[in-house]
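One letter stands for each residue in the lines below.
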Amino acid sequence: MPHRPETSSTPDPLAPVRSWHRLRADEGDAAVVLDGFHALKHALRFGAHVPVALTEDAGSVLDLADALAPDLTAPLRTLLDEVPPGTLGTLVPRAHPTGVAALAARAGAPAVPRSGARTAPLVLLDDPRNLGNVGAVVRLAAGCGAAGVLTTGGTDPWHPAAVRAGAGLHFATAVARAEPDALPEGPLYALDPEGDDLRGLDLPEGVLLAFGTERHGLSPALRKRADRLVSLPMEPLVSSYNLATSVAMVLYHWMSRRP
Ligand SMILES: C[S@@+](CC[C@H](N)C(=O)[O-])C[C@H]1O[C@@H](n2cnc3c(N)ncnc32)[C@H](O)[C@@H]1O
C-alpha cells in the first residue's frame, strides 16, 4: 500500500538543507555523499552513521523501501527529511532517479586489513581514471568477499560518483588510497594480457591483485615488482577487457576455487 507523503517533520523545511551544508563544510571528505536509494540502503545495512537524508518525496522513497528493502522502511521513516522540490539538484551533481541523497560518516567504514591478517585477495587499481569503474570494482569486492580495494593516483575512490556507482558498498569492504611505493605486503599478482593463463592458477592467500589503468595498462614499475603476471583468456584480435570486467573475472575465479 503506497505511503502517503508525510508532512514536513520540521517547521522550517530548509533546516535539513542547512545541516547538509554545515556537515559538508565542517567534515569535508569525512562526510560521504550517498546519492540515491541504493547507496543509502547499503550504507545503512553495513552500519554507517547517516546524520542527514533528504528527499523531495518521502512517500515514494518509503514505497521503494517497502518494495526493495523492507528492513529499512522503519529506520528511513525516522531518518528522512522532506525538502522543497528542486533542492536535491542543488546538492548533488546529477540527482538520482530514486530522489534521495544523504551524508554518511566515513569513519565507520571498514579499514584495510593488516597483511598478516588477510586471507582474501586485496584489489589494487593502479591509477584508475573512470569513477564508474572504481565503483563497480568496490561493488565486486563487497559481493565476492575480497579484502578491499586500494587505488593509486589522483582519482578519489570515495568521490560521490564512485560511491554512487558502488551502490554505497564502500561501507561493506575496505576502500582506500595507497602510495605506489608503500603497498601492503603479500604476493603481488599483476593482471596483464602477456601473463600466465589464470585458469591454471590457484591464487595464494592474501594476494594483492594489481590491475592497470584503463588507457595504458600496467605501469612498468608495477609490472617489474609483480611476483607473477596473470592473463585472462581472450579471442585473437581482442586487445583487452574493461577494467572492472577484468576484476570480476579474477574474483570469480578465486571464489569458485575457495573451499
Ligand atoms: C582496459 S585494460 C588496459 C588496456 C590497455 N590499453 C593496455 O594496453 O593494457 C585495464 C586493465 O585490465 C586488465 N586486463 C584487461 N584485459 C586483460 C587480459 N586479457 N588479461 C589480463 N589482464 C587484463 C589489465 O590489468 C589492464 O591493465
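Engineer: Hey, could you go over helix α3 (residues 58-68) for me, with residue numbers and the actual values?
Structural biologist: Turning to α3, its buried residues are Ala 58, Gly 59, Val 61, Leu 62 and Ala 65. Down the axis of α3, the buried set is contained in an arc of 165°. They therefore lie on one face.

Engineer: Break down the site of the ligand for me, with residues and values.
Structural biologist: Among the 17 residues in the neighbourhood of the ligand, the closest are listed as Leu 191, Gly 212, Arg 215, Leu 232 and Tyr 241. Between the ligand and Asp 192, the relevant distance is 3.4 Å, taken from a nitrogen atom to a main-chain nitrogen or oxygen of the residue. One of the backbone nitrogen or oxygen atoms of Gly 212 is found 3.1 Å away from an oxygen atom of the ligand. For the ligand, whose free accessible area comes to 570 Å², the fraction covered by protein is 84%. Among the elements of the structure, β8 (188-197) and β10 (228-231) are those that each provide at least two residues to the shell around the ligand. Split into classes, the residues belonging to the shell around the ligand amount to 8 nonpolar, 6 polar and 3 charged.

Engineer: If you had to explain the sheet that holds strand β2 (residues 52-55) to someone new, which residues and values would you point to?
Structural biologist: As summarised here, the arrangement of the 4 strands in space is β1-β4-β2-β3, forming an open sheet in which the pairing is mixed. The outermost strands of the open sheet, each flanked by one partner alone, are β1 (31-35) and β3 (80-82). Direction aside, the axes of adjacent strands within the sheet are offset by 25° on average. Taken together, the 3 bridges between β2 and β3 define a ladder with parallel strand orientation. Note that in β3 the partner of Ala 53 across the bridge is Leu 80. Docked against the sheet, helix α1 (residues 15-27) engages β1, β2, β3 and β4 (100-105), running at close to 135° with respect to β2. The strands touched by helix α2 (residues 37-45) within the sheet are β1, β2 and β4, with β1 carrying the most contacts at an inclination of about 130°.

Engineer: Let's hear about the environment of Leu 198: which residues, and what values?
Structural biologist: Looking at the secondary structure, you find Leu 198 in the loop between β8 and β9 (208-211). Taking the C-alpha atoms as reference points, Leu 198 and Val 250, 52 residues apart in sequence, are found 7.6 Å from one another. Apart from the residues lying within four places of it in its own chain, the contact partners of Leu 198 are Leu 203, Val 230, Ser 231, Leu 232, Met 249, Val 250 and His 253.

Engineer: Quick one: what's the story with the pattern of salt bridges, residue by residue and with numbers?
Structural biologist: Summed over all chains, the structure comprises 9 salt bridges. The closest approach of N and O atoms between Asp 71 and Arg 45, which form a salt bridge, is 2.9 Å. You can see Asp 71 sitting in the loop between α3 and α4 (73-79) and its partner Arg 45 sitting in helix α2, a full 26 residues away along the chain. Here Asp 127 makes a salt bridge to Arg 129, at a shortest N to O gap of 2.7 Å. Classification of Asp 127 as partly exposed rests on a relative accessible area of 21%. Overall, Arg 129 belongs to the exposed group, its relative accessible area being 55%. Each member of the salt-bridge network shares a partner with another, and the members are Asp 192, Glu 194 and Arg 223.

Engineer: Report on the domain arrangement of the protein, specifying residues and quantitative values.
Structural biologist: You can read the domains of the protein as domain 1 (15-108) and domain 2 (115-257). For the pair domain 1 and domain 2, the summed buried area comes to about 1200 Å², and 67% of that belongs to carbon and sulfur atoms. Of all residues in domain 1, His 42, Phe 46 and Arg 106 bury the most surface against domain 2, accounting for 35% of the area lost on that side. Where domain 1 meets domain 2, there are 1 salt bridge. Within the residue set of the side of domain 1 that touches domain 2, elements represented by two or more residues are β1, α2 and β4. Residue composition of the side of domain 1 that touches domain 2, by class: 11 nonpolar, 3 polar and 3 charged.

Analysis parameters
- Residues numbered from 1 in each chain as written.
- Predicted model: local features only at pLDDT ≥ 70, side-chain atom pairs only at ≥ 80, totals over all residues.
- Heavy atoms only, no water.
- Buried < 20%, exposed > 50% of the residue type's maximum accessible area, 1.4 Å probe, protein only.
- Helix = DSSP H or I, 4+ residues; strand = E, 2+ residues; numbered from the N terminus.
- Arc of directions from axis to C-beta.
- Near = heavy atom within 4 Å.
- Polar contact = N/O pair within 3.5 Å; in protein donor to acceptor, adjacent residues only side chain to side chain.
- Areas by Shrake-Rupley, 256 points an atom, 1.4 Å probe, with all protein chains shown as cover.
- Nonpolar A, V, L, I, M, F, W, Y, C, P; charged D, E, K, R; others polar.
- Pairing = 2+ DSSP bridges.
- Axes fitted to C-alpha atoms, helices over the stretch in contact; angles between N-to-C directions.
- Contact = heavy atoms within 4.5 Å.
- Salt bridge = Lys/Arg side-chain N within 4 Å of Asp/Glu carboxyl O.
- Domains from an automatic or database assignment.
- Buried area = accessible area lost by both parts, 1.4 Å probe.

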